[in-house]
Amino acid sequence: MNKQLRKAVIAGNWKMNKTPAEAAALIDEMKPLVKDADCDVVICVPYVDLQTALEKTAGTNIKVGAENCHWAKSGAFTGEVSAEMLTSMGVNYVVIGHSERRTYFGDTDQTVKDRVRAALDAGMTVILCVGEYEQQRLQGVTFEVVGSQTKIALGGVSKEELSRIIIAYEPVWAIGTGLTATPEQANEVNSFIRKTIEDLYDKEAADAFVVQYGGSMNAKNAEELLAKPDIDGGLIGGASLKAADFAQIVKAASK
Ligand code: PGA
């Protein structure tokens, strides 16, 4: 983190976990533990938990996000949810392009770009996920993959809109596996993403831009990862489902 230039963002990605009742209990447990955070705190939760999350976090420093949104405003898209539907509830953050969406649900660089566009048009802040598969890292094409995912998703995004985008670098081989990228590996790619932003926009935009790391970030390794200059926060899966662990990561980002 470079606190002079950027405010860290710690975001939980609950994935397909927690019923509304379980969500309420987890948020109640989490609230007092993160209330003094000196970073932004976001929880991205399943659609069915959004209303509960909004009610439970009202008046607190915890912001609520969804885990995806569709690119169209409305229409014949069974099972999908639009960005306007989310903002109409008061949900202003959304994760887009998570590797699980890309791997299991057919999201492509193009649909990710379209979803980013829809979310920005609706006034939302986007947590855009990019990252390479293990095979791609082994073949030495990490920068090509992450660079093209970033450039395609940001196609048509103005410099003003960029302030509503966060990129989460999530090496797919590190997600849910317990295998974390080393702080050096993570920082190297995060700094490459920042350089890509500088090339696309300018240095001012790149300096202000938040790049998170995600992939088995936990209460134990967060401090070391967040100490790196280009790691401006985290997108946390497994550890965001435990209030104490999530709070510990928020604490590490608040130092
Ligand atoms: P993990 O998930 O922390 O469980 O590895 C991170 C993510 O997929 O966002």
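The structure we're discussing is the one just above.
What counts, and at which threshold
Residues numbered from 1 in each chain as written. Predicted model: local features only at pLDDT ≥ 70, side-chain atom pairs only at ≥ 80, totals over all residues. Heavy atoms only, no water. Axes fitted to C-alpha atoms, helices over the stretch in contact; angles between N-to-C directions. Helix = DSSP H or I, 4+ residues; strand = E, 2+ residues; numbered from the N terminus. Parallel < 35°, antiparallel > 145°, perpendicular 65-115°, else oblique. Left-handed = near helix turned anticlockwise from the far one by under 90°. Contact = heavy atoms within 4.5 Å. Nonpolar A, V, L, I, M, F, W, Y, C, P; charged D, E, K, R; others polar. Near = heavy atom within 4 Å. Polar contact = N/O pair within 3.5 Å; in protein donor to acceptor, adjacent residues only side chain to side chain. Areas by Shrake-Rupley, 256 points an atom, 1.4 Å probe, with all protein chains shown as cover. Pairing = 2+ DSSP bridges. Buried < 20%, exposed > 50% of the residue type's maximum accessible area, 1.4 Å probe, protein only. Expected span 1.5 Å × (residues − 1). Core = buried A, V, L, I, M, F, W, Y, C linked by side-chain atoms within 4.5 Å. Salt bridge = Lys/Arg side-chain N within 4 Å of Asp/Glu carboxyl O. Disulfide = S-S within 2.5 Å. Phe/Tyr/Trp six-rings, centres within 6.5 Å; stacked < 30°, edge-to-face > 60°.

Undergrad: How should the packing of helix H1 (residues 20–34) against helix H2 (residues 50–57) be read in this particular structure?
TA: Helices that pack against each other are described as a pair by the angle of their axes relative to one another and the distance between those axes. Axis separation between H1 and H2 bottoms out at 9 Å; the angle between their running directions is 25°. Considering the angle they form, H1 stands roughly parallel to H2. H1 and H2 meet at a crossing whose hand is right-handed. Contacts from Pro20, Ala24, Ile27, Asp28 and Lys31 of H1 reach H2 at Thr52, Ala53, Lys56 and Thr57. Residue classes in the contact of H1 with H2 are distributed as four nonpolar, two polar and three charged.

Undergrad: Please clarify how the site of the ligand should be interpreted in this entry.
TA: Near the ligand you find 13 residues, and of these Lys15, His98, Glu170, Gly176 and Ser216 are the closest. At a separation of 2.7 Å, an oxygen atom of the ligand approaches a polar backbone atom of Ser216. Calculation on the ligand without its partners gives an accessible area of 280 Å², and the protein chains cover 95% of this total.

Undergrad: Quick question: what am I supposed to make of the sheet that holds strand S6 (residues 165–169) here?
TA: The strands making up a sheet associate through backbone hydrogen bonding, with each pair oriented either parallel or antiparallel. On the basis of which strands lie adjacent, the closed barrel formed by eight strands has the order S1-S2-S3-S4-S5-S6-S7-S8 and parallel pairing. Strand-to-strand twist in this sheet, taken as the mean axis angle between neighbours without regard to direction, amounts to 25°. By the bridge criterion, four bridges tie strand S1 (residues 9–13) to strand S8 (residues 233–236) in an arrangement that is parallel. Opposite Ile10, over in S8, you have Gly234 as the bridge partner. Across the sheet, helix H7 (residues 142–153) touches strand S5 (125–130) and S6, and the angle it forms with S5 is around 155°.

Undergrad: Can you help me understand the pairing of S1 in this one?
TA: A regular strand places its side chains on the two faces of the sheet in alternate fashion. Across the five residues of S1, five count as buried, placing the element largely inside the fold. As judged from the five bridges shared by S1 and strand S2 (residues 40–44), these two strands associate in the parallel manner. Across the sheet, Val9 pairs through a bridge with Asp40, a residue of S2.

Undergrad: Help me understand helix H9 (residues 183–200) in this model?
TA: Structurally, the α-helix is built with 3.6 residues per turn, so residues lying three or four positions apart point the same way. With 18 residues, H9 ought to run about 26 Å at 1.5 Å a step, and its terminal C-alpha atoms sit 26 Å apart, in line with that. Buried within H9 are the following residues: Pro183, Ala186, Asn187, Val189, Asn190, Ile193, Arg194, Thr196 and Ile197.

Undergrad: Teacher, can you tell me more about the nonpolar core here?
TA: Within soluble globular proteins, side chains that are nonpolar tend to cluster in buried spots. Among the nonpolar cores identified, the biggest contains 70 residues, and Ile43, Leu128 and Ile165 are the most heavily contacted of them. Per element, the largest residue contribution to this core is seven residues, and it comes from helix H12 (residues 243–254). Within the second largest apolar cluster, 12 residues are counted, among which are Val95, Ile166, Ala168 and Leu235.

Undergrad: Whenever I open this one, the pattern of salt bridges confuses me. Can you help?
TA: Here the idea is simple: oppositely charged side chains can pair when their charged atoms come close. Summed over all chains, the structure comprises 23 salt bridges. A salt bridge links Asp202 to Lys159, with the shortest nitrogen-to-oxygen separation between them at 2.8 Å. Residue Asp202 is located in the loop between H9 and helix H10 (203–208), and its partner Lys159 is located in helix H8 (residues 159–162); the two are separated by 43 residues in the primary sequence. The exposure class assigned to Lys159 is partly exposed, which follows from its relative accessible area of 34%. Three or more residues are tied together by salt bridges with common partners; here these are Arg6, Arg194, Asp230 and Asp232.

Undergrad: Got a minute to help me understand the state of the cysteines in this structure?
TA: Put plainly, two cysteines are in a disulfide when a covalent bond ties their sulfur atoms together. Counted under the stated rule, the structure contains zero disulfides. Here Cys129 is not disulfide-linked; the sulfur of Cys44 is the nearest cysteine sulfur, at 8.9 Å.

Undergrad: Looking at this structure, I do not really get the packing of aromatic side chains. What am I missing?
TA: The geometry of an aromatic ring pair is captured by two quantities: the separation of the ring centres and the angle between the planes. Enumeration according to the criterion identifies four aromatic pairs in this entry. For the ring pair Trp71 and Phe77, a centre distance of 6.3 Å and an interplane angle of 65° mean the geometry is edge-to-face. Residue class for Trp71 comes out partly exposed when judged on its relative accessible area of 35%. A ring pair is formed by Tyr104 and Phe105, whose centres lie 6.4 Å apart and whose planes are at 80°; its orientation type is edge-to-face. The two residues Tyr104 and Phe105 agree in class, both being exposed.

Undergrad: Explanation requested: the side chain of Arg194 in the structure shown.
TA: Tracing the backbone through its elements, the reader meets Arg194 in helix H9. Aside from chain neighbours lying at most four places away, what touches Arg194 is Arg6, Ala206, Asp207, Phe209, Val211, Asp230 and Asp232.

Without other data, these values stay purely geometric and don't point to any function.
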